[in-house]
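A look at the structure
The lines below spell out each chain.
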Amino acid sequence: MGSFAGQYLAITNIMPINLSFWLGHQRYEFIELGRIWQIILFVELVVWMVLLLRGFVGGFKAGGDKIYSLYLQLQP
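Residues numbered from 1 in each chain as written. Predicted model: local features only at pLDDT ≥ 70, side-chain atom pairs only at ≥ 80, totals over all residues. Heavy atoms only, no water.

So, on to the overall build of the chain. Summing up its helical and strand segments, the chain has 4 helices and 0 strands in all. Residues counted as buried form 16% of the 76 residues belonging to the chain. In the chain, the proportion of contacts linking residues at least 24 apart, taken out of those at least 6 apart, comes to 10%. For the chain, the exposed surface amounts to about 6200 Å²; the carbon and sulfur share of it is 72%. (Helix = DSSP H or I, 4+ residues; strand = E, 2+ residues; numbered from the N terminus. Buried < 20%, exposed > 50% of the residue type's maximum accessible area, 1.4 Å probe, protein only. Contact = heavy atoms within 4.5 Å. Areas by Shrake-Rupley, 256 points an atom, 1.4 Å probe, with all protein chains shown as cover.)

So, about the environment of Ala-5. As for its placement among the helices and strands, Ala-5 is situated in helix α1 (residues 2-11). Ala-5 gets classed as partly exposed once you look at its relative accessible area, which sits at 33%. Spatially, the C-alpha atom of Ala-5 lies 7.7 Å from that of Gly-24, the residues being 19 residues apart in sequence.

As a further point, take α1. Looking at α1, one finds that the buried residues are Ser-3, Gly-6, Gln-7 and Ala-10. The buried side chains of α1 occupy one side of the element, clustering within an arc of 100° when seen end-on. Immediately beyond the C-terminal end of α1, within one or two residues, lies Asn-13, with a positive phi of roughly 60°. (Arc of directions from axis to C-beta.)

Moving on, we get to the confidence of the model for the chain. Scored by pLDDT, the chain comes out at a mean of 78, with 72% of its residues at no less than 70. Across the chain, helix α3 (residues 35-62) holds the top mean pLDDT of 86, while helix α4 (residues 65-74) sits lowest at 66. (pLDDT = per-residue confidence, 0-100.)

What follows is about unusual backbone geometry. Here the phi dihedral of Asn-13 falls at roughly 60°; this positive angle occurs in a residue that is not glycine. In this fold, Asn-13 is placed in the loop between α1 and α2 (17-23).

Next up, the structure:
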């Protein structure tokens, strides 16, 4: 919701130009998120990746029958 409101306020020139880069949009064609929202998205993706890796590494270290079911889930 914050990104949407920031884009609207930046496009309608209600938000000052110095805040528009950080909270609104960066005036690029394809990247419509403000810099703050991009940083938050990057941090969330890193946390998600760490959570996934914790599960996979724990499954591979367990060995036994669990490793085969984990291996089958990784196959395309």
